[in-house]
Amino acid sequence: MWLRRIGKWGFRLGLSLVILASAFLAWSSRRPFPGVSGTLTVSGLNGPVEVVRDGAGVPHIYATTPHDLFLAQGFVHAQDRFWQMDTWRHIGAGRLSEMFGESQLETDVFLRTMGWYPLAERQYESSTGESRLLLDAYAEGVNQYIGDRSEAMLGLEYTVLGLINRGYEIEPWHPADTLVWGKVMAWELRSNLEEEIDRALALGSLTPAELEALYPPYPPDHPLIVGANRPHIPGETTNPAPISGLVGLFESANANFESIDVWAPGGTSSIGSNSWVVGPAMSDTGTALLANDPHLAIQMPSIWYQNALHCEPKTDACPYSVGGFSFAGLPGVIIGHNDDIAWGFTNLAPDVADLFIEKINPDNPNQYEFEGAWLDMDVRTETIVTPAGPIEATIRATHHGPIVSDAYGRLGDFGTQSGIDVPSEYALALQWVALEETNSLSTTIRSLNLASNFEEFREALRTFDVPSQNVVYADTSGNIGYQAPGLIPIRQAGNGRSPVPGWTGEYEWTGFISFDDLPTAFNPSEGYIVTANNPVTDGSFPYLLTTDWNYGHRADRIDQLLREAEPVSPDDMASIQNDGFDPVGEMLVPHLMSVQTNDDAEKLAIDLVAAWDLQTGSDSPAAAIMAATWQELLANTYADHLPEELAPSGGGRWFRVTELILAEPDHWLWDHADTDVREDRDAIISESFSKAVAYLVDSLGENPSNWAWGELHGATFENQTLGQSGVAPIELLFNRGPQAVGGGGDLVTATAWDATNGFGVTWVPSMRMVIDMGDLDSAITVHTTGQSGHAFHEHYDDLIEPWANGEYYPMWWERESVIANAASTLRLLPAG
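Residues numbered from 1 in each chain as written. Predicted model: local features only at pLDDT ≥ 70, side-chain atom pairs only at ≥ 80, totals over all residues. Heavy atoms only, no water.

Topic: the overall build of the protein chain
Step number 1: Across its full length, the protein chain holds 25 helices and 30 strands.
Step number 2: Within the protein chain, the fraction of its 832 residues that count as buried is 61%.
Step number 3: For the protein chain, long-range pairs separated by at least 24 residues make up 73% of all intrachain contacts whose partners lie at least 6 apart in sequence.
Step number 4: Looking at the protein chain as shown, the accessible area adds up to about 30500 Å², and 50% of this sits on carbon and sulfur atoms. (Helix = DSSP H or I, 4+ residues; strand = E, 2+ residues; numbered from the N terminus. Buried < 20%, exposed > 50% of the residue type's maximum accessible area, 1.4 Å probe, protein only. Contact = heavy atoms within 4.5 Å. Areas by Shrake-Rupley, 256 points an atom, 1.4 Å probe, with all protein chains shown as cover.)

Spelled out as structure tokens, the structure:
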């Protein structure tokens, strides 16, 4: 009896604890929710500011001076996203250990090696005039919000962090915290560093000729952005072939790159973005139209924060009226429109980084050879603060850049293969334009926000040094245009495809392509411009941009759909953004029709694929069959010819390689390297299909008609920090999903997945935007999660389902429309 009584009391106690814990969680999660209605006094303001939030939680800020406008933007960003901002600045500064402990020490060491934050500090120190005013005003606004609030009032994450790191204290916001994010984004949108290392590692098991089969030329029938012929690769100079003796060095550099990619993922040419503009002669509105959907790593909250900034009244002294998408932490609007023009970005991805193999002095590890002389490295000591105490790290750099590897050893047969003297010790240095003294992203964005015509648009982009982008343009006068900005190096020799000797002086950068020589277009005769990370120029362009372009499957599909839709409507633009046509299905379906089988599930699967419209909707059985077959085909065809770490993950390059070898049934890549049997194309396709169907039966049930692509292809939005803690209850607080989605890697609706790691979504269209320049109030958009960074807030995850379903909401522009659709209004008043 007493045991039963204790059991009842234990149950009641446990239930009470659960109720109390739930009540505490509910209270803790709501504490950081900002006030969005009523009146607040904010020191530093010169006059009143009005913040009108619409039904999506988008703030429309109205102020009488630039100072007040950008102070209010900083205040609002901090209201909704301060944890995200705080994390981002710790990434840029290499101070993650202060927040998350010694587990991040190696990442911090490499981030300090890159030296982003000192560069940001120097950018701020050199800033002047209006640019400095806006940086200062923005920082002032952030600090006004966080200054008198406890950590727990700034984000639920701080409450959880306090359980493991009670000593963490939030510091005031500094303008360098704003500027360093430009360096982090440059890393995410970097060019072909991984391809350089991958090619070097692959040569340990492939001949140079075999390797080139895995990096085929750009398809001749796919479009260029401003050219008509093949992409240009000038000159015949090539880099010396890397060799197997360098494997440890390359693997070490790769590991260092991957440590940053956990926090700022990027560096793969198989992802990208879409943007296009349509001129009045081709649109059904008789006006210019613009569409943009940048593809970035999936995360929670969204990387974007939507806002509109209005001077009221708009005058020469206060000239801003601009709306669109910003990064929390940066003043201004990155992508969007003002009263006169609109613009959108995709990654140009030029080759702006080279890896140099440095010859190290065996008697002095802080010296390296260059052109026959020993030079002293730049050596500095960095102190990294952790909860357990400070730790010192030594950072070394040559004139090329920081040492990004810690591997030393013999160069093996490098001398035999390249004809260059063999150094006894070596290291790998990174030369990258983002490590140069460049103009700040903030400077460019301010000028872009104020531009009123194509000439001013181009002039604004003259200072856009890094990361280089394809920037499309449309204006209210019916003009469309394009500009490629950025610092793109000119090499004395080589083509940037692989690491090069640093000690010879042969492969030095000799300067940068002049802005006036970079590709541009204005009102082209075609009546439209498409950019989707495809090559920009034809053979008439005299400079090397890169040899690692995206292979143009998205660009080709968008080009086709635009021509089919003419005259193009804004609704057509949105429909194209959500197109899920699968080029893999297009090339593999005819071959699957030849598969012979007696298995009932396989027969039905073949019937489903035969009737497929090649669209990858989340409810499509055929899309699931094709994805699983593609995954198996990649593994069966390529993986056993490559080192494990280079197994194909999918994407446009593998589309093209497969398309080419499908025409050769006995190509060497079809043969399994580890069997005595000579396999051919048909055998590998049949094997891959059978394995795929077996997997799907096991995962989704015995009836292929009931399979759905979205059941495999889920978008899980993870908080970049505590959402990846490995502690399930904590992750449940901050993560959302999986959300079933359609699409796939290098499709127009580019919900990418990694074929080496299941079907979960890794990269997404981070936002979608369509603008009719004849009616700015009719612009539509959506982004991935929601405006708020506060878990359990109504705007934390309210956009996930509309985004997944291809839905949009209005980008209200006219003040009357903003007021008519207001959900809340907050007035910020100056003190006193």
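So much for the structure itself; the text now carries on.
What about the state of the cysteines?
Step number 1: For the coordinates displayed, the defined rule picks out 1 disulfide.
Step number 2: For C311, the disulfide goes to C318, at an S-S distance of 2.0 Å. The chirality of the disulfide connecting C311 with C318 is left-handed, given an S-S dihedral of about -75°. The same class applies to C311 and to C318, which are both buried. (Disulfide = S-S within 2.5 Å.)

Description of the packing of aromatic side chains
Step number 1: Taken as a whole and assessed by the stated rule, the structure comprises 28 aromatic pairs.
Step number 2: Ring plane angle 15° and centroid distance 4.7 Å describe the contact between W304 and F327, whose orientation is recorded as stacked. One end of the pair, W304, is in the loop between β5 (289–297) and β6 (305–311); the other, F327, is in the loop between β7 (321–326) and β8 (335–338), with 23 residues separating them in the sequence.
Step number 3: We classify W304 as buried; its relative accessible area is 2%.
Step number 4: Classification of F327 by relative accessible area gives buried; the value is 4%.
Step number 5: Each ring, one from W753 and one from F759, has its centre 5.0 Å from the other, and the planes form 45°; the classification is tilted. (Phe/Tyr/Trp six-rings, centres within 6.5 Å; stacked < 30°, edge-to-face > 60°.)

Here's the deal with the packing of helix α17 (residues 583–592) against helix α19 (residues 621–637)
When two helices pack together, their arrangement is given by the angle between the helix axes and by the axis-to-axis distance.
Step number 1: In contact at an axis separation of 11 Å, α17 and α19 are set at 85° when each is read in the N-to-C sense. One way to sum up the angle between α17 and α19 is to call them roughly perpendicular. Where α17 approaches α19, its residues V584, G585, M587, L588, V589 and L592 are matched on the opposing element by M626, T629, W630 and L633.
Step number 2: Per-class residue counts for the contact of α17 with α19 are 8 nonpolar, 2 polar and no charged. (Axes fitted to C-alpha atoms, helices over the stretch in contact; angles between N-to-C directions. Parallel < 35°, antiparallel > 145°, perpendicular 65-115°, else oblique. Nonpolar A, V, L, I, M, F, W, Y, C, P; charged D, E, K, R; others polar.)

Side note on helix α18 (residues 600–610)
Each α-helix turn comprises 3.6 residues. Residues three or four places apart therefore point the same way.
Step number 1: Taken together, the buried positions of α18 are occupied by A601, E602, A605, I606 and V609. The arc enclosing the buried residues of α18, seen along the axis, measures out at 135°, which places them on a common side.
Step number 2: Looking at the buried side of α18, the elements it contacts are α17, α19 and α21 (681–700).
Step number 3: Where α18 begins, one side-chain oxygen reaches toward the backbone nitrogen of A601, 3.0 Å away; that side chain belongs to D599. (Arc of directions from axis to C-beta. Polar contact = N/O pair within 3.5 Å; in protein donor to acceptor, adjacent residues only side chain to side chain.)

Let's talk about the packing of α18 against α19
Step number 1: Taken N-terminus to C-terminus, the directions of α18 and α19 make an angle of 110°; their axes are 9 Å apart at the nearest point. Relative to α19, the element α18 is oriented roughly perpendicular. Residues A605, L608 and V609 of α18 form the contact with α19, whose own contacting residues are P621, A622, I625 and M626.
Step number 2: Partitioning the contact of α18 with α19 into residue classes produces 7 nonpolar, no polar and no charged.

Focus: α17
Step number 1: Of all 10 residues making up α17, 7 are buried, and the element is well covered by its neighbours.
Step number 2: Within α17, the full set of buried residues consists of P583, V584, G585, M587, L588, V589 and L592.
Step number 3: Next to the buried residues of α17 lie α15 (553–565), α18, α19, α20 (652–662) and α21.
Step number 4: Where α17 starts, the residue carrying a side-chain oxygen 3.0 Å from the main-chain nitrogen of V584 turns out to be D582.

Here's the deal with the nonpolar core
Step number 1: One finds W432, F457 and W630 to be the most contacted residues of the largest nonpolar core, which totals 205 residues.
Step number 2: Not counting residues up to four positions away in its chain, the partners in contact with W630 are V584, M587, L588, G650, W654, F655, T658 and W753.
Step number 3: Counting 18 residues, the second-largest nonpolar core is a separate cluster that includes L562, M573, I576 and V748. (Core = buried A, V, L, I, M, F, W, Y, C linked by side-chain atoms within 4.5 Å.)

Some remarks on the pairing of strand β17 (residues 480–483)
Every other side chain in a regular strand lies on the same face of the sheet, so the side chains alternate between the two faces.
Step number 1: Burial of β17 is two-sided: the residues I480 and Y482 facing one way and the residues G481 and Q483 facing the other way are all buried.
Step number 2: As paired elements, strand β16 (residues 469–475) and β17 share 4 bridges and run antiparallel to each other. Bridging across to β17, Y473 finds its partner in G481.
Step number 3: Linking β16 to β17, which pair antiparallel, is a turn of 4 residues; within it G478 sits at a positive phi near 95°. (Pairing = 2+ DSSP bridges.)

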